[in-house]
Amino acid sequence: MSSDVEVKESTPEPPPVPVPAVTPERVLAGLSLLVPIVALLWVSSYAKAGPEAGGVPFFYWYQLLWVPVSAVFTVAAYLLITRDEKARKAAKTGGAR
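What you see is a predicted model, and the numbers here were worked out from it, not measured in a lab.

Cut-offs applied
Residues numbered from 1 in each chain as written. Predicted model: local features only at pLDDT ≥ 70, side-chain atom pairs only at ≥ 80, totals over all residues. Heavy atoms only, no water. Salt bridge = Lys/Arg side-chain N within 4 Å of Asp/Glu carboxyl O. Helix = DSSP H or I, 4+ residues; strand = E, 2+ residues; numbered from the N terminus. Buried < 20%, exposed > 50% of the residue type's maximum accessible area, 1.4 Å probe, protein only. Phe/Tyr/Trp six-rings, centres within 6.5 Å; stacked < 30°, edge-to-face > 60°. Lys NZ or Arg CZ within 6 Å of the ring centre and 35° of its normal.

Visitor: Tell me about the pattern of salt bridges, and name the residues and values.
Guide: Pairing between side chains becomes possible if they bear opposite charge and their charged atoms approach one another. Tallying each qualifying case throughout the model produces 3 salt bridges. Residue Arg88 is joined to Asp84 by a salt bridge in which the shortest nitrogen-to-oxygen separation is 3.0 Å. Of this pair, Arg88 and Asp84 both sit in helix α2 (residues 58-93), 4 residues apart, which is roughly one turn of that helix. Judged by relative accessible area, which is 2%, Asp84 ranks as buried. Salt bridges linked by common partners bring Arg26, Asp84 and Arg88 together as one network.

Visitor: Got a sec to walk through the packing of aromatic side chains? Specific residues and values, please.
Guide: Within the structure shown, the criterion is met by 7 aromatic pairs. Arranged with centres 5.3 Å apart and planes meeting at 40°, the rings of Phe58 and Tyr62 form a pair that is tilted. Of this pair, Phe58 and Tyr62 are both found in helix α2, 4 residues apart, which corresponds to roughly one turn of the helix. Note on Phe58: relative accessible area 11%, which makes it buried. Looking at Tyr62, the relative accessible area reads 16%, which means it is buried. The interplanar angle of 20° and the centroid separation of 6.4 Å between the aromatic rings of Trp66 and Phe73 together place this pair among those described as stacked. Residue Trp66 is classed as buried on the basis of its relative accessible area, which comes to 13%. Put simply, the rings of Tyr46, Phe58, Phe59, Tyr60, Trp61, Tyr62, Trp66 and Phe73 pair up and form one aromatic cluster. For Lys48, the ring lying beneath its charged end belongs to Phe58, and the centroid distance is 5.2 Å.

The structure is reproduced here in structure tokens:
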């Protein structure tokens, strides 16, 4: 008695490509988050009164200047991590970057 059931041989899928835990994007994101922290924790670099900007001592306006600068560094870190996550997802599914 012959069977009419056709057996398809499936080719095994290649194993997923391992993605390294440390990538250049993640290193740059970490550095961009570290820059404002180091700049503001190094108090001796800005612990002085002059030069003044609009009558405001350097000690104060320097710190206030870092508020928008820190936001720029944080956005850069976010964009780098988002790019890295997209690349990881593409590598996991086998797509191109």
